[in-house]
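Chain by chain, the residues:
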Amino acid sequence: MTTLIEPPTREPVAGIQSLELEITGKCQLTCTHCLSESSPQASHGTMSPEDWRAVIIDAAGLGIRTIQLIGGEPTVHPQWRGFAELGLSLGLRVEIYSNLFHVAPDWWDLFARQGVTLATSYYSDEPAEHDKITGRQGSYVRTRCNIRGAVNRGVTLRAGIVDILPGQRVAQARAELESMGVQRINTDRVRAVGRAALPGWKPTLDEMCGRCTRGRAAVLPNGDLAGCVLSRDFPAGNVRETRLADLLGGEHWAQLAASVPLPVRNACTPDDSGDCDPANTPSCDPQ
């Protein structure tokens, strides 16, 4: 039984409300656009469980409200439930961004807990198109089944649709999610990060939605601190070498924040979404 501690009342350092924790690079899928280029052969990175627990404790002490467990596929990390429980015990909201390819029966109780949000990616209402993007046959059926399972259990769920392929059935995917009872759905264009980047492409912050460092930050599997998981090519230090508070209050973070172009106001797909997915924050979901 987790003992709930009242959340911090102090203002978050550097205005950070949400911290994305990319706890692993491993994943059952090999999505064509994956920002972290995750796969079954990838590793959990160099961050130890103790390192991650220290970051979560520091986040709560800094007034950060929400942590997001992401990957790769976060549920393949052997300690992911312990990280979620620790966050909840410290009064943090916890989001688990899963591909929902596999859900063990005993995970549903945690997903349904107060303060927990489940998030996933969805690509098409056609199994072949969805599976083409994820790189694994049968992923559409398994993800769809677990989405229905989440909705039927009253789990707080949001879904992100990334527009990747020419003529992709994005509108139909959204309609299918709505028909299953998913109420929070965000659509984003593909970003030139990870596998989605063309050969020889030089990473640029202009490719981001403009919300990196603004209310959010991310810690990558090697301990690097970034403005979000998508802006991984622009680290502002490493939590294995320097405490999170010192990094967020430091010169490198301030320089990174100053270099991020301002968000496009009232942006709409296909020009741009108002918030990158999966580095999406609930308060920024398009209405």
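Residue numbering note: each chain is counted from 1, following its sequence as written. Note on the predicted model: pLDDT of at least 70 is required for a residue's local features to be given, and 80 or more for side-chain atom pairs to be given and counted; whole-chain, interface and lining totals, by contrast, use all residues. Calculation of side-chain values draws on the structure's entire complement of heavy atoms; hydrogens and water are dropped beforehand.

### So, the overall build of the protein chain
Turning to step 1, where the next piece is worked out: Numbering of helices and strands runs from the N terminus, with a helix taken as a DSSP run of H or I at least four residues long and a strand as a DSSP run of E at least two residues long. Scanning the protein chain from terminus to terminus reveals 8 helices and 8 strands.
Turning to step 2, where the next piece is worked out: Counting across all 287 residues of the protein chain, residues that qualify as buried make up 54%.
Turning to step 3, where the next piece is worked out: A contact between two residues is defined here by any heavy atoms of the two lying within 4.5 Å. When contacts within the protein chain are restricted to residue pairs at least 6 apart in sequence, long-range pairs at least 24 apart make up 72% of them.
Turning to step 4, where the next piece is worked out: In the structure as shown, the protein chain presents an accessible area of about 12800 Å², 51% of it carried by carbon and sulfur atoms. We call a residue buried when its accessible area falls under 20% of the maximum for its residue type, exposed when it is over 50%, and partly exposed in between, using a 1.4 Å probe and counting protein chains only. For accessible areas, the Shrake-Rupley method is used with a probe of radius 1.4 Å. Any residue's cover is judged against the shown protein chains and nothing else.

### So, the environment of Gly215
Turning to step 1, where the next piece is worked out: Mapped onto the elements, Gly215 comes out in the loop between β6 (184-189) and β7 (216-219).
Turning to step 2, where the next piece is worked out: When the C-alpha positions of Gly215 and Val13 are compared, they lie 9.7 Å apart, and in sequence the two are 202 residues distant.
Turning to step 3, where the next piece is worked out: Excluding residues within four positions of it along the chain, Gly215 makes contact with Gly15, Ile16, Gln17 and Ser18.

### Looking at the pattern of salt bridges
Turning to step 1, where the next piece is worked out: In the sections that follow, a salt bridge refers to a side-chain nitrogen of Lys or Arg positioned within 4 Å of a carboxyl oxygen of Asp or Glu. Under the defined criterion, the tally for this structure stands at 12 salt bridges.
Turning to step 2, where the next piece is worked out: Of the charged contacts, one joins Asp125 and Arg169 as a salt bridge, the two residues approaching to 2.6 Å between their closest N and O atoms. Highlighted residues: Asp125 in the loop between β4 (116-121) and α4 (127-134) and Arg169 in the loop between β5 (157-163) and α6 (170-179), separated in sequence by 44 residues.
Turning to step 3, where the next piece is worked out: Here Arg169 falls in the partly exposed class, since its relative accessible area comes to 24%.
Turning to step 4, where the next piece is worked out: Between Glu126 and Arg169 there is a salt bridge, and its shortest N-O distance comes to 3.6 Å. In this pair, Glu126 is assigned in the loop between β4 and α4 and Arg169 in the loop between β5 and α6, connecting sequence segments 43 residues apart.

### A word on the nonpolar core
Turning to step 1, where the next piece is worked out: What we call a nonpolar core is a set of buried Ala, Val, Leu, Ile, Met, Phe, Trp, Tyr and Cys residues that are connected through their side-chain atoms within 4.5 Å. Judged by nonpolar contacts, the single largest core of 69 residues is most densely connected at Leu19, Leu21, Phe111, Leu177, Val219, Leu244 and Leu248.
Turning to step 2, where the next piece is worked out: What marks off one domain from the next here is an automatic or database domain assignment. Split by domain, the residues of this core number at least three in each of domain 1 (13-98 + 191-259) and domain 2 (120-190).
Turning to step 3, where the next piece is worked out: In this structure, Leu244 is in contact with Leu19, Val55, Asp58, Ala59, Leu62, Ile64, Leu225 and Val239, ignoring residues within four places of it in sequence.
Turning to step 4, where the next piece is worked out: Cys27, Leu29, Cys34 and Tyr123 belong to the second-largest nonpolar core, a separate cluster that totals 9 residues.

### Considerations on the confidence of the model for the protein chain
Turning to step 1, where the next piece is worked out: Every residue gets a pLDDT, meaning the predictor's confidence in that residue, from 0 to 100. With 85% of its residues at a pLDDT of 70 or more, the protein chain shows a mean pLDDT of 87.
Turning to step 2, where the next piece is worked out: In this model residues 266-273 is a low-confidence stretch, pLDDT under 50, and it forms 17 contacts with partners more than four residues away in sequence or in other chains.

### Side note on the environment of Asp125
Turning to step 1, where the next piece is worked out: For the pair formed by Asp125 and Ala171, sequence separation is 46 residues and the distance between their alpha carbons is 9.1 Å.
Turning to step 2, where the next piece is worked out: Residues within four places of Asp125 in sequence aside, it is in contact with Tyr140, Arg169, Gln172, Ala173 and Glu176.

### Notes on α6
Turning to step 1, where the next piece is worked out: Considered for burial, the residues of α6 that qualify are Val170, Ala173, Glu176 and Leu177. Projected onto a plane normal to the axis of α6, the buried residues spread over an arc of 120° and lie on a single side. Opposite the buried face of α6, by more than 90 degrees, sit the exposed residues Ala171 and Ser179.
Turning to step 2, where the next piece is worked out: Close packing links the buried residues of α6 with α5 (139-152), β5 and β6.
Turning to step 3, where the next piece is worked out: Trailing α6 by a residue or two, Gly181 shows a phi angle of about 100°, which is positive. Note that the arc is computed from the directions linking the helix axis to the C-beta atoms.

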